[in-house]
Amino acid sequence: MGIVETKNLVFEYIRRDEEGNVEGITRAVDQVDIDVKQGEFVAVLGHNGSGKSTLAKHINAILYPTEGTVWVDGKDTAKEENLWDVRQKAGMVFQNPDNQIIGQVVEEDVGFGPENLGVPTEEIWQRVEESLRAVGMYEFRRHSPNKLSGGQKQRVSIAGVIAMHPKCIVLDEPTAMLDPNGRREVIRAARALNDVEGITIILITHYMEEIIHANKVFVMDKGKVAMEGTPREIFSRVEELKELRLDVPQVTLLAHELKKSGLKLPDGILTFEELSAALGYGKKK
Amino acid sequence: MLRDITLGQYYQTDSVIHRLDPRVKLMTTICYIISLFIVDNFIGYILAGAFLALVIKLSKVPLKFMVRGMKSIIFLLIIAVIFNLFLTPGEVIFTLWKLRITREGLRQAIFMAIRLVFLIMGSSVMTLTTTPNNLTDGMEKLLGPLKIFKVPVHEIAMMMSIALRFIPILLEETDKIMKAQIARGADFENGNLIKKAKSLVPLLVPLFISAFRRANDLAMAMEARCYRGGEHRTKMKPLVYKKRDWLAYSTVVCYLVCCVVFGKILL
C-alpha cells in the first residue's frame with residue numbers, strides 16, 4: 001500500500017435552504033481511485049471546479065469521504081483516532097499565502113506545527129532551522145511575513161509543514177496567486193524536498209509547466225480521474241487535453257501542430273531542447 | 001491615513017527592551033499607566049517623562065514611530081484639553097466672552113495632555129518592542145491562574161495574536177477596496193457626517209466578506225497543522241525570567257515608589 005491511497009472515493013457537497021432541507025447535491029469527487037507511492041512527485045491537474053482541491057482536502061482529513069475510503073500511510077482518515085496522525089503525516093499548503101501564516105515572525109510561524117504536536121522546545125528550534133534551510137529561507141527567520149514576497153511566504157508555509165516531519169506534502173494550488181518568479185521559487189523548493197528529503201509531493205495545479213517534472217499525473221474532470229500517466233504520456237494526448245479545457249505548454253502544442261502537418265516528431269515533447277533536438281538543430285555544430 | 005496607526009506594530013531591532021520578558025513589559029506598562037494617574041504635580045510628570053525617555057532610548061526605536069501613533073488620538077487629546085481648560089471651576093485668570101479659563105483648569109488641561117501623550121507613547125513602546133505572539137504569550141502566562149475559573153485563557157490569547165497579525169493585512173485590504181471604490185466613482189471625502197457614514201457601506205461590506213473568508217482559510221490552515229487548542233501544546237519560546245527581568249522589575253518598583261513619594265506626597 002502506498003503513502004496515499006483512495007478507493008471509490010466520493011464526496012458530495014450538500015446545499016441546504018434556510019430551513020435545512022436539502023436543495024441539491026453536488027458530487028465534487030466521484031469514484032476516484034488513486035495510489036501514490038512513497039517518494040513520488042505526483043501532480044493533479046484540472047480546471048476550476050474539477051474537484052482537485054476537494055480531493056486534496058481529503059488527504060489531510062479536512063473533509064471526510066461521503067463514500068469510499070482514504071488511507072494515509074495505511075490509516076483510514078475517517079476514523080477519529082487517526083485524525084492527528086493523518087494530519088501530521090500529510091501536511092498541506094494552501095493557495096493564499098497570507099491566510100495560512102499564523103506567526104508574526106517567520107520562525108514563530110514555522111514553529112507553530114511542532115508546538116501543536118507537543119515537541120520539546122529544543123527540538124522545535126532544531127526543526128525550525130532545518131526546515132527553513134530546506135526551503136532557503138533561513139536568513140529571513142527574524143522577518144515579519146508581511147514584508148516577504150508571495151513566493152517567499154509560500155516557502156515559509158512549506159517550511160511550516162516540513163517542521164512537522166510529514167511523509168507527504170499536499171500543495172493545493174500553491175502558485176495560483178504568485179508571479180512567475182515566485183512560482184519558480186515554490187516549485188523549485190518542492191522539487192528539492194522531493195529529491196533530497198524523499199518527501200512525497202502531491203501538487204495540485206492548473207499550470208501545465210509545473211507538472212513536467214512529476215513522476216505521475218492525474219487529470220481530473222467533473223470529479224473523476226479523466227487521464228492518468230507520466231507527463232509525456234499525458235502531453236501526447238493534446239486533443240483530449242483540449243477537450244478538458246486545459247492548456248498545453250506552447251512547445252508541446254507547436255510540436256503537435258508540426259506533427260499534424262506532416263513532420264516526423266516523437267509524441268509528448270516537453271521542452272524547447274527536446275523540440276530543437278528532434279528538429280535536428282544543434283546537429284550542425 | 002490608515003497606515004498611521006502604529007499600535008500593534010512591531011519594530012524589528014535588537015535592544016535590551018526587546019529582549020525583556022513580555023510579562024515584565026506588560027506589568028511595567030500597567031504600572032506606568034497607574035503611575036500617570038497617581039502623580040499630580042510637575043516633579044511627578046518630569047519623573048514619568050524621564051522614565052519614558054530612558055525606556056525609549058534603551059529600546060532603540062526611532063521616536064518618529066511613537067509620534068506617528070499619536071496622530072490617531074490628536075482629536076481626543078484636543079477635546080480633553082478644551083473640556084478641562086474651560087470647565088474646571090476655580091480662580092479665573094482669563095475671560096473670553098462667556099468662557100473662563102481658570103488657573104486650576106489650565107493646570108488640569110496641561111496635565112491631561114501630558115498624561116494622554118505619555119500613556120499612548122508608553123503603550124506604543126510595549127507593542128513596538130514585543131512581537132504580538134510574545135505579548136499574548138505573556139498575557140496567557142500572567143492570566144494563567146484564571147484557568148481555575150474556566151476562563152479560556154489560551155483561546156483568548158490565540159485570538160488576540162491572530163487579530164494583531166491580521167491588522168496590517170486588513171488595513172492594506174481596506175486601502176485596496178477604497179481605491180477600487182473610488183475608481184468606480186465612490187466619494188469618501190465630501191458630504192456631511194451621515195453621508196460620509198453611508199459612503200462607508202461599500203467599503204465595509206467587501207471588507208467583512210473578505211475577513212470572513214480569510215478567517216475560514218486560516219482556521220483550515222491551523223487545523224491542517226494539527227492545532228487543537230492549548231492542551232498538550234509545547235512552546236517554542238517558553239517564558240523564563242532572567243536576571244535582567246528581575247532587574248527591570250526592581251527598577252519599576254523604585255520608579256513607582258519615587259512617583260508616590262515625589263509626585264503625590266510632596267506637593
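Residues numbered from 1 in each chain as written. Chains lettered and ligands numbered in written order. Predicted model: local features only at pLDDT ≥ 70, side-chain atom pairs only at ≥ 80, totals over all residues.

## Examining the overall build of chain A
Spelled out, the test is: The numbering of helices and of strands both runs from the N terminus, where a helix is a DSSP run of H or I of at least 4 residues and a strand a run of E of at least 2. Radius of gyration means the value over C-alpha atoms here, while the globule rule gives 2.2 Å times the residue count to the 0.38 power. Each residue is classed by its C-beta neighbour count within 10 Å, where at least 20 other C-beta atoms makes it buried, 12 or fewer makes it exposed, and intermediate counts make it partly exposed; the C-beta atoms are placed from backbone geometry. The contact rule is simple: place each C-beta atom from the backbone, and if two of them lie within 7 Å, those residues are in contact.
Looking only at helices and strands, one finds ten helices and eleven strands in chain A. Computed over C-alpha atoms, the radius of gyration of chain A comes to 20 Å, within 12% of the 19 Å expected from 2.2 N^0.38 for 285 residues, which places it in the range of a compact globule. Overall, the C-alpha framework of chain A stretches about 65 × 55 × 40 Å when taken along its three principal axes. Of all 285 residues assigned to chain A, the portion counted as buried reaches 49%. Within chain A, contacts between residues separated by at least 24 positions form 64% of all contacts whose residues are at least 6 apart in sequence.

## Let's talk about the pairing of strand E1 (residues 92-96) of chain B
Residue and element names in this part refer to chain B. Operational definition: DSSP calls a pair of strands paired once it identifies at least 2 bridges connecting them.
When you tally the buried positions in E1, you get zero out of five residues, a small fraction of the element. Note that E1 and strand E2 (residues 99-102) share four bridges and pair antiparallel. Along E2, the bridge assignment pairs threonine 95 with arginine 100.

## As for helix H3 (residues 106-117) of chain A
Within H3 of chain A, twelve of the twelve residues are buried, leaving the element largely enclosed by the surrounding structure. Structurally, H3 of chain A contributes buried residues whose contacts are with helix H2 (83-89), helix H4 (121-134) and helix H5 (150-162) of chain A together with helix H7 (132-143) of chain B.

## A word on the domain arrangement of chain B
Heads up, the rule is: Domain start and end points were adopted from an automatic or database domain assignment.
What the domain assignment reports for chain B is domain 1 (1-130 + 240-267) and domain 2 (152-233). Centre-to-centre separation of domain 1 of chain B and domain 2 of chain B, based on C-alpha positions: 30 Å.

## So, the nonpolar core
Here is the rule: Each nonpolar core comprises buried Ala, Val, Leu, Ile, Met, Phe, Trp, Tyr and Cys residues, the members being joined through C-beta atoms within 7 Å.
Grouped together as the largest cluster of nonpolar side chains are 83 residues, with contacts concentrated most on Val44, Leu45, Ala159, Val170, Leu171, Ile201 and Ile202 of chain A. The contacts of valine 170 of chain A, once residues within four sequence positions are left out, are Ala56, Ile59, Asn60, Ala90, Met92 and Ile202 of chain A. The next biggest cluster of nonpolar side chains, apart from the first, holds 20 residues, and it includes Leu20, Val39, Val55 and Leu128 of chain B.

## Overview of the sheet that holds strand E8 (residues 168-172) of chain A
Residues and elements named next belong to chain A. What counts is decided by this rule: Between the N-to-C directions of two axes lies an angle of 0 to 180 degrees, each axis being a line fitted to C-alpha atoms and, for a helix, fitted only over the stretch in contact.
Judged by pairing direction, the sheet is mixed, and its six strands sit side by side in the order E7-E8-E9-E4-E10-E11 without closing on themselves. Since the sheet does not close on itself, it has two edges, and those belong to strand E7 (90-93) and strand E11 (224-229), each with one partner. Shown here is a sheet whose adjacent strand axes are inclined to one another by a mean of 20°, direction ignored. Looking at chain direction, strand E10 (residues 216-221) and E11 are connected through five bridges and run antiparallel. Bridged to aspartate 221 within E11 is lysine 224. This element, helix H6 (residues 180-197), spans strand E4 (41-45), E8 and strand E9 (200-205) of the sheet and lies at about 155° to E9.

## Describing the interface of chain A and chain B
Inclusion rule: We call Asp, Glu, Lys and Arg charged. Ala, Val, Leu, Ile, Met, Phe, Trp, Tyr, Cys and Pro are nonpolar, and the rest, Gly among them, are polar.
Every contact between the two is made by 33 residues of chain A and, on the other side, 27 residues of chain B. Tallying contributions element by element places H3 of chain A first for the side of chain A that touches chain B, with seven residues. Here the residues of the side of chain A that touches chain B are counted per class, giving 13 nonpolar, 15 polar and five charged.

## A few points about H6 of chain A
Residue and element names in this part refer to chain A. Selection rule: Expected helix span is taken as 1.5 Å per residue step, with the number of steps being one fewer than the number of residues.
The terminal C-alpha atoms of H6, which comprises 18 residues, lie 25 Å apart, in line with the 26 Å expected from a rise of 1.5 Å per residue. Within the span of H6, buried status applies to Gly182, Arg183, Glu185, Val186, Ile187, Ala189, Ala190, Leu193 and Asn194. Buried residues along H6 sit against E4, H4, H5, E8 and E9.

## Topic: unusual backbone geometry
Residues and elements named next belong to chain A. Positive phi, normally seen in glycine, also occurs at lysine 222, with a value near 50°. Structurally, the position occupied by lysine 222 is in the loop between E10 and E11. At arginine 245, a position not held by glycine, the phi torsion is positive, near 60°. Within the secondary structure, arginine 245 is located in the loop between helix H8 (238-243) and helix H9 (250-260).

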